[in-house]
Amino acid sequence: MKSIIRYITSFFKGLFSLLTGMKVTLREFFTKKTTEQYPENRATLKMFDRFRGELVMPHDENNHHKCIACGICEMNCPNGTIKITSEFVTDETGKKKKILIKYRYDLGSCMFCQLCVKMCPQQAIEFKPTFEHAVYTRSKLVKYLHDERI
């Protein structure tokens, strides 16, 4: 008689557990679905402001940027995504000044940690919320940010 009682109680416990799971499933089945129609809605699609898509160096209308080639962003990059080439030049007053020659950024190996942007003393670089980066070769993911025309 005890085994029949144990069997019936375990049956109803299992049935209760099944109905609890089915309650969640049925509730989700009747909720309104939100699906983005991505390729068709490119014009109206807006990414979140905090989305980190690609590192850019803003230039003004004369193609000048704020970067002073200090190398802090390169030092803070955890996996060597940023490579800076700079040189010293002497200005008209005789002082040596460091100028940026090449700013190489590898989008394919970037972790999007934003350490480079946070540590930049001049706010010369920032992340832009672009997200379409599909290419056939990884070499096309290497960007040169020092010149806007490249």
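A quick note: this is a predicted structure, and the numbers were derived from the prediction, not measured. (Residues numbered from 1 in each chain as written. Predicted model: local features only at pLDDT ≥ 70, side-chain atom pairs only at ≥ 80, totals over all residues. Heavy atoms only, no water.)

A look at the pairing of strand β3 (residues 96-106)
Residues in a regular strand project their side chains so that they alternate between the two faces of the sheet.
Part 1 of the reasoning: Sheet analysis places strand β2 (residues 82-90) next to β3, joined by 9 bridges and oriented antiparallel. Opposite I84, over in β3, you have Y103 as the bridge partner.
Part 2 of the reasoning: Hairpin connection of β2 to β3: 5 residues between the antiparallel strands, including G94 at a positive phi of 95°. (Pairing = 2+ DSSP bridges. Helix = DSSP H or I, 4+ residues; strand = E, 2+ residues; numbered from the N terminus.)

With respect to empty space enclosed by the protein
Part 1 of the reasoning: The tally for this structure, following the rule as stated, stands at 2 cavities of 30 Å³ or more.
Part 2 of the reasoning: Its volume calculated, the largest cavity comes out at about 80 Å³.
Part 3 of the reasoning: Around the largest cavity, the lining comprises 13 residues; the ones closest to its centre are C67, C70, C73, C120 and A124.
Part 4 of the reasoning: Among the residues making up the lining of the largest cavity, the classes are represented as 10 nonpolar, 2 polar and 1 charged.
Part 5 of the reasoning: Of the voids in this model, the second largest cavity is the one considered here, and its volume is about 70 Å³.
Part 6 of the reasoning: If you go around the second largest cavity, you meet 14 residues; those closest to its centre are C77, C110, F112, C113 and C116.
Part 7 of the reasoning: By residue class, the composition of the lining of the second largest cavity is 11 nonpolar, 3 polar and no charged. (1 Å grid on protein atoms, 1.4 Å probe; cavity = no way out; pocket = protein on both sides within 12 Å on 5 of 7 lines; lining within 4 Å. Points joined across faces, edges and corners; volume = space filled by probe spheres on them. Nonpolar A, V, L, I, M, F, W, Y, C, P; charged D, E, K, R; others polar.)

Considerations on the nonpolar core
Part 1 of the reasoning: Formed by 20 residues in total, the largest nonpolar core has its most connected members in L55, I82, Y103, Y105, C116 and I125.
Part 2 of the reasoning: Looking at this core, the elements with two or more residues in it are β2, β3 and α3 (115-119).
Part 3 of the reasoning: Looking at this core, the element that brings in the most residues is β3, giving 3 residues.
Part 4 of the reasoning: Once residues within four sequence positions are removed from consideration, I82 is found in contact with L55, C73, E74, C77, Y103, R104, Y105 and C116. (Core = buried A, V, L, I, M, F, W, Y, C linked by side-chain atoms within 4.5 Å. Buried < 20%, exposed > 50% of the residue type's maximum accessible area, 1.4 Å probe, protein only. Contact = heavy atoms within 4.5 Å.)

Notes on the side chain of T81
Part 1 of the reasoning: Within the secondary structure, T81 is located in the loop between α2 (72-76) and β2.
Part 2 of the reasoning: Of note is the side chain of T81, whose polar atom sits 2.9 Å from the side chain of N79.
Part 3 of the reasoning: Excluding residues that lie within four positions of it along the chain, T81 makes contacts with R104, Y105, D106, S109 and C110. (Polar contact = N/O pair within 3.5 Å; in protein donor to acceptor, adjacent residues only side chain to side chain.)

What to know about the packing of aromatic side chains
Part 1 of the reasoning: By the definition in use, this model includes 3 aromatic pairs.
Part 2 of the reasoning: For the pair F29 and F30, a centre-to-centre distance of 5.0 Å together with 85° between the ring planes defines the contact as edge-to-face. Like F30, F29 is exposed.
Part 3 of the reasoning: With centroids separated by 6.1 Å and ring planes inclined at 55°, the aromatic side chains of F112 and F127 adopt a geometry described as tilted. (Phe/Tyr/Trp six-rings, centres within 6.5 Å; stacked < 30°, edge-to-face > 60°.)

Some thoughts on the pattern of salt bridges
Part 1 of the reasoning: Applying the stated criterion across every chain yields a total of 1 salt bridge.
Part 2 of the reasoning: Close ionic contact of K143 with E54 constitutes a salt bridge, the shortest N to O distance being 4.0 Å. With K143 in strand β5 (residues 142-144) and E54 in strand β1 (residues 54-56), this pair connects stretches of sequence that are 89 residues apart.
Part 3 of the reasoning: E54 sits in the buried class, given a relative accessible area of 12%. (Salt bridge = Lys/Arg side-chain N within 4 Å of Asp/Glu carboxyl O.)

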